[in-house]
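Next come the chains, spelled out residue by residue.
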Amino acid sequence: MLNRVVLIGRMTRDPELRKTASGMSVLSFSIAVDDSRKGPNGERQTLFMNCSLFGNRAETVARFTHKGSLVAVEGRLQQRKFTDRNGVERTVVETVADNVEFLDPKGSNPTYDNGYQSDVRAEAPSPAAQAPRADDTMVDLDDDLPF
């Protein structure tokens, strides 16, 4: 069985950062995602998805995003039940994020330090790691294509 979700959308409100009793950071945010299906009158449907992110990544995302930020969220769906103040049992489905990537163009968000856009999932490799090595060879695949 598989429980994975990938969402791309804009934050509908500023992310809310809090700490658990044990001191772990928890970020709560919501994103608006366009559904690929159209409504009965041809209009696009928008889904509003609640998301949570834990740990150091939560602090980073809180620092570099705000309402309107375009993000990609990878994670899993979680369903939880609770009883509200009126005694009514409620069910909530949310995305628990493993990774959040910033998709706004570099420099478009004034909260970035020096215009640098960070990738929460991984640090960018050094230029030396990106440069081709002398022993790297290019393979010509045109001979293998049937057209």
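Heads up: the structure comes first, above all this text.
Quantities reported herein were computed from a predicted structural model and do not represent experimental measurements.

Each value, and the rule that gives it
- Residues numbered from 1 in each chain as written.
- Predicted model: local features only at pLDDT ≥ 70, side-chain atom pairs only at ≥ 80, totals over all residues.
- Heavy atoms only, no water.
- Helix = DSSP H or I, 4+ residues; strand = E, 2+ residues; numbered from the N terminus.
- Buried < 20%, exposed > 50% of the residue type's maximum accessible area, 1.4 Å probe, protein only.
- Contact = heavy atoms within 4.5 Å.
- Areas by Shrake-Rupley, 256 points an atom, 1.4 Å probe, with all protein chains shown as cover.
- Core = buried A, V, L, I, M, F, W, Y, C linked by side-chain atoms within 4.5 Å.
- Pairing = 2+ DSSP bridges.
- Salt bridge = Lys/Arg side-chain N within 4 Å of Asp/Glu carboxyl O.

With that settled, consider the overall build of the protein. Counting its regular elements, the protein contains two helices and six strands. Starting at the N terminus and walking to the C terminus, you meet the elements of the protein as β-β-β-β-α-β-β-α. The buried share of the protein, reckoned over its 147 residues, is 31%. Counting contacts in the protein only where the partners sit at least 6 residues apart, residues at least 24 apart contribute 55% of the total. For the protein, the exposed surface amounts to about 10600 Å²; the carbon and sulfur share of it is 51%.

Ranked by size, the top nonpolar core spans 18 residues in total, and within it F29, I31, L53, V61, V71, V73 and V100 carry the most contacts. Of all elements in the fold, only β1 (5–11), β3 (25–38), β4 (44–54), α1 (56–64), β5 (70–83) and β6 (89–102) reach the threshold of two or more residues within this core. Sort the elements by how many residues they give to this core and β3 lands first, with four residues. Not counting residues within four places of it along the chain, the set of residues in contact with V73 comprises V5, V6, L7, F29, I31, C51, T95, A97, N99 and V100.

Note: β1 against β3, two bridges, orientation antiparallel. Bridging from a neighbouring strand, M11 pairs with I31 of β3. Across four bridges, the pairing between strand β2 (residues 16–19) and β3 is antiparallel. Bridge pairing in β3 links E16 to S28.

Two elements, β1 and β5, share six bridges in a ladder whose sense is antiparallel. Paired with L7 across the two strands is V73, which belongs to β5. In the sheet, β5 pairs with β6 via 13 bridges, with the strands oriented antiparallel. Note that in β6 the partner of T83 across the bridge is E89. The hairpin formed by β5 and β6 contains five residues between the paired strands, and G87 there has a positive phi angle of roughly 85°.

Now for the pattern of salt bridges. Across all of its chains, the model carries seven salt bridges by this definition. Among the salt bridges present, the one from E59 reaches K19, with a minimum N-O distance of 3.2 Å. Separated by 40 residues along the polypeptide, E59 in helix α1 and K19 in strand β2 bring together distant segments of the chain. The partner of R37 in a salt bridge is D35, with the nearest N and O atoms 2.7 Å apart. Judged by its relative accessible area of 59%, R37 is exposed.

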